[in-house]
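# Observations on the three-dimensional arrangement
Here is what each chain is made of, one letter per residue.
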Amino acid sequence: MRLRNKPWAKDKIAAYPQYVIPDPEARRGRWHELFGNDRPIHIEIGTGKGKFITEMAKLHPDVNFIGIELYPSVLVSALDKLIESELPNVRLLNANAKDLTSFFADGEIARIYLNFSDPWPKKRHEKRRLTYRDFLALYDRILSADGDIHLKTDNQSFFEYSLVSLSQYGFVLAAVQLDLHRSDIVGNVMTEYEEKFSAKGNRIYRCEALRPPQQS
Ligand SMILES: C[S@@+](CC[C@H](N)C(=O)[O-])C[C@H]1O[C@@H](n2cnc3c(N)ncnc32)[C@H](O)[C@@H]1O
């Protein structure tokens, strides 16, 4: 925890407000003005060291990406990748996912990526899981009508929990892969954790879930 609170990380983040947006509340409903276009916005929650989001942004210049990470000491690695690549279609937030609806207006986000989210295996920590129903309610609000969630993990229990939680909330499971690296999926971009755990031989699980159908 000491490592995560290193003040130099906060200082570095503060020095790059063009990349790590210091006032996300002021951008609520107006992110397209910041990006200077009307392209869809995809967010990654728990973006970690930023490999996924920066590689995705290179591959998909027609999409705007926002990476959200709780810990400054982790986010600085993502910031370094952004400084080096100067990608115009990525921004970062040093923020907690519980505040998502302060940063994004209803329907403003087209896709949410949850990559190797902390599984919080103890039942008493269930509310911290990023697929707990209270988080799903936030995602439901900020996602557009045809928005979706793409989730990857190597943790079987967390994956099973997430499938049940998503289904019970009303999200529609559009794709479920029980062994991503042995499937025929093309264009998979690996995260730092995905590289680490798949190198150990861990199976990678993946699903896509569509926002709950709206009542007419
Ligand atoms: C296990 S790491 C995975 C990092 C990266 N997605 C990857 O696959 O390599 C999970 C990350 O999510 C971040 N995180 C956990 N809960 C969060 C929350 N509520 N809001 C924002 N970030 C969070 C953690 O700080 C950590 O960096």
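Residues numbered from 1 in each chain as written. Predicted model: local features only at pLDDT ≥ 70, side-chain atom pairs only at ≥ 80, totals over all residues. Heavy atoms only, no water.

The name UniProt gives the chain is tRNA (guanine-N(7)-)-methyltransferase, with Geobacillus thermodenitrificans as the organism. The record held by UniProt for the chain lists under Sequence similarities the comment "Belongs to the class I-like SAM-binding methyltransferase superfamily. TrmB family." (UniProt positions renumbered as here; feature names shortened; annotations may be inferred.)

### Concerning the UniProt feature "binding site: S-adenosyl-L-methionine" in the chain
The UniProt feature table records "binding site: S-adenosyl-L-methionine" at Glu44, Glu69, Asn96 and Asp118. Considering the C-alpha atoms alone, the annotated residues occupy 75 residues of sequence yet fold into one spot, their largest mutual distance being 13.6 Å. Secondary-structure assignment places Glu44 in strand β1 (residues 41-45). The contacts of Glu44, once residues within four sequence positions are left out, are Phe52, Ile53, Ile66, Gly67, Ile68, Tyr113 and Asn115. A polar contact of 2.4 Å, which involves the side chain of Glu44, links it to the side chain of Thr47. Looking at the element boundaries, Asp118 is found in the loop between β4 (109-115) and α7 (133-142). (Helix = DSSP H or I, 4+ residues; strand = E, 2+ residues; numbered from the N terminus. Contact = heavy atoms within 4.5 Å. Polar contact = N/O pair within 3.5 Å; in protein donor to acceptor, adjacent residues only side chain to side chain.)

### Comments concerning the packing of aromatic side chains
In this structure the tally under the stated criterion is 8 aromatic pairs. Considering the side-chain rings of Tyr16 and Tyr19, the 6.4 Å spacing of their centres and the 20 degrees angle between planes classify their relative orientation as stacked. On the accessibility criterion, Tyr19 (14% relative accessible area) is buried. Each ring, one from Trp31 and one from Phe104, has its centre 5.5 Å from the other, and the planes form 40 degrees; the classification is tilted. A residue pair is termed long-range when its members are at least 10 positions apart, and Trp31 in helix α3 (residues 31-35) and Phe104 in the loop between α6 (100-103) and β4 qualify at 73 residues. Looking at Phe104, the relative accessible area reads 0%, which means it is buried. (Phe/Tyr/Trp six-rings, centres within 6.5 Å; stacked < 30°, edge-to-face > 60°. Buried < 20%, exposed > 50% of the residue type's maximum accessible area, 1.4 Å probe, protein only.)

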